Amino acid sequence: MTPIPNLVIEGPILKLDKEEQEALNMNSTTIESAPLIRALDDIALALERALAGITTVRSLLSPEENNEREFNPRDSRNKYEIGGLMKLTERGIEICYRLFDAGKTRYAVKELMEISFGAADHRFKAWEKAGGVNRKKMDLD
């Protein structure tokens, strides 16, 4: 049996100073958008970290998925060149999805696959739309 590491979320998920708390006071007639947008961004990042943690725990509890052979995110078969730009192949897209399955964040996928954050974000949203970890996996070969 694989030991499960302790998951720790340090510090408050949402930090607001006194002015931001006053701006978000629902009794006021106006709400400033900047503090609200910052708060929503903080919540979105916290949810992404929580999803990554849940996915990591799920992968630890499913040893049959952990025994899958390793793959190289920088394999030349993952990209092709068109008009001077590198695009992901179907295999490269599946590699992105498998990295998300393994609990990697969009930033981690960006670094591992050597793609832009925008491309990683696009693939993350497509992965979620396809069912996330419950999607049907494509064969890599």
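The sections below set out a description of the structure shown in this document. Positions within a chain are numbered from 1, following the residues in the order the chain's sequence is written. Given that this is a predicted model, residues contribute local features only at a pLDDT of at least 70 and side-chain atom pairs are listed and counted only at 80 or more, while totals for whole chains, interfaces and linings are drawn from all residues. No hydrogens and no water enter the side-chain calculation; it runs on all heavy atoms of the structure.

### Notes on the overall build of the protein
At step 1: Only DSSP runs of H or I with at least four residues qualify as helices, and only runs of E with at least two residues qualify as strands; both kinds are numbered from the N terminus onward. A count of helices and strands for the protein gives six helices and two strands.
At step 2: When the helices and strands of the protein are placed in sequence order, the string is α-α-α-β-β-α-α-α.
At step 3: Throughout, exposure labels follow a simple rule: accessible area from a 1.4 Å probe, protein chains only, divided by the maximum for the residue type, with under 20% read as buried, over 50% as exposed, and the rest as partly exposed. Across the 141 residues that make up the protein, the buried fraction comes to 28%.
At step 4: Counted over contacts in the protein with a minimum sequence separation of 6, partners at least 24 positions apart contribute 56%.
At step 5: Note on areas: Shrake-Rupley, 1.4 Å probe, and residue coverage restricted to the protein chains presented here. As displayed, the protein offers around 10,100 Å² of accessible surface, 55% of which is attributable to carbon and sulfur atoms. We call two residues in contact when some of their heavy atoms are within 4.5 Å.

### A word on the packing of helix H5 (residues 106–113) against helix H6 (residues 117–129)
At step 1: Whenever a helix is involved, its axis is fitted only over the stretch in contact; in every case the axis is a line through C-alpha atoms, and angles between N-to-C directions fall within 0 to 180 degrees. Contact geometry of H5 with H6 gives a least axis separation of 9 Å together with a crossing angle of 120°. The orientation of H5 relative to H6 falls into the category oblique. Considering how the two elements wind past one another, H5 and H6 form a crossing that is right-handed. Contacts between H5 and H6 involve Arg 106, Tyr 107, Val 109 and Lys 110 from the former and Phe 117, Ala 120, Asp 121 and Phe 124 from the latter.
At step 2: Of the residues in the contact of H5 with H6, the class split is five nonpolar, no polar and three charged. Note that the term roughly parallel is reserved for angles under 35 degrees, roughly antiparallel for angles over 145, roughly perpendicular for angles of 65 to 115, and oblique for everything else. The handedness criterion is simple: a crossing whose near helix is rotated anticlockwise from the far helix by less than a right angle is left-handed, and one whose near helix is rotated clockwise is right-handed. Each residue receives one of three labels: charged for Asp, Glu, Lys and Arg, nonpolar for Ala, Val, Leu, Ile, Met, Phe, Trp, Tyr, Cys and Pro, and polar for the others, Gly being one of them.

### Concerning the pattern of salt bridges
At step 1: For salt bridges, the criterion is a side-chain nitrogen of Lys or Arg within 4 Å of an Asp or Glu carboxyl oxygen. Counted under the stated rule, the structure contains nine salt bridges.
At step 2: With a closest N to O distance of 2.4 Å, Asp 121 and Arg 106 form a salt bridge. Of this pair, Asp 121 sits in helix H6 while Arg 106 sits in helix H5, and the two are 15 residues apart along the sequence. For the residue pair Asp 121 and Arg 106, the accessibility class agrees, reading buried in each case.
At step 3: Between Lys 125 and Asp 121 there is a salt bridge, with the nearest N and O atoms lying 3.2 Å from each other. On the criterion of helical spacing, the pair formed by Lys 125 and Asp 121 is a turn pair, its members being four residues apart in helix H6.
At step 4: Overall, Lys 125 belongs to the partly exposed group, its relative accessible area being 49%.
At step 5: Residue classification places Asp 121 among the buried residues on the basis of a relative accessible area of 15%.
At step 6: Salt bridges sharing partners connect three or more residues here, namely Glu 48, Arg 106, Asp 121 and Lys 125.

### Some remarks on the packing of aromatic side chains
At step 1: Between rings of Phe, Tyr and Trp, where Trp is taken as its six-membered ring, a pair exists when centres lie within 6.5 Å; planes separated by under 30 degrees are stacked, by over 60 edge-to-face, and by other angles tilted. On inspection of all chains with the given rule, the structure shows four aromatic pairs.
At step 2: On the basis of an interplanar angle of 40° and a centroid distance of 5.5 Å, the ring pair of Phe 100 and Trp 127 is categorised as tilted. You can see Phe 100 sitting in helix H4 (residues 90–101) and its partner Trp 127 sitting in helix H6, a full 27 residues away along the chain. Accessibility assignment for this pair places Phe 100 and Trp 127 in one class, buried.
At step 3: Ring pairs connect the aromatic residues Phe 100, Phe 124 and Trp 127, which therefore count as one cluster.
At step 4: Charge-over-ring contacts are defined here by two conditions on Lys NZ or Arg CZ: a distance within 6 Å of the ring centre and an angle within 35 degrees of the ring normal. Between Arg 106 and the ring centre of Phe 124, over which it is positioned, the NZ or CZ distance is 5.3 Å.

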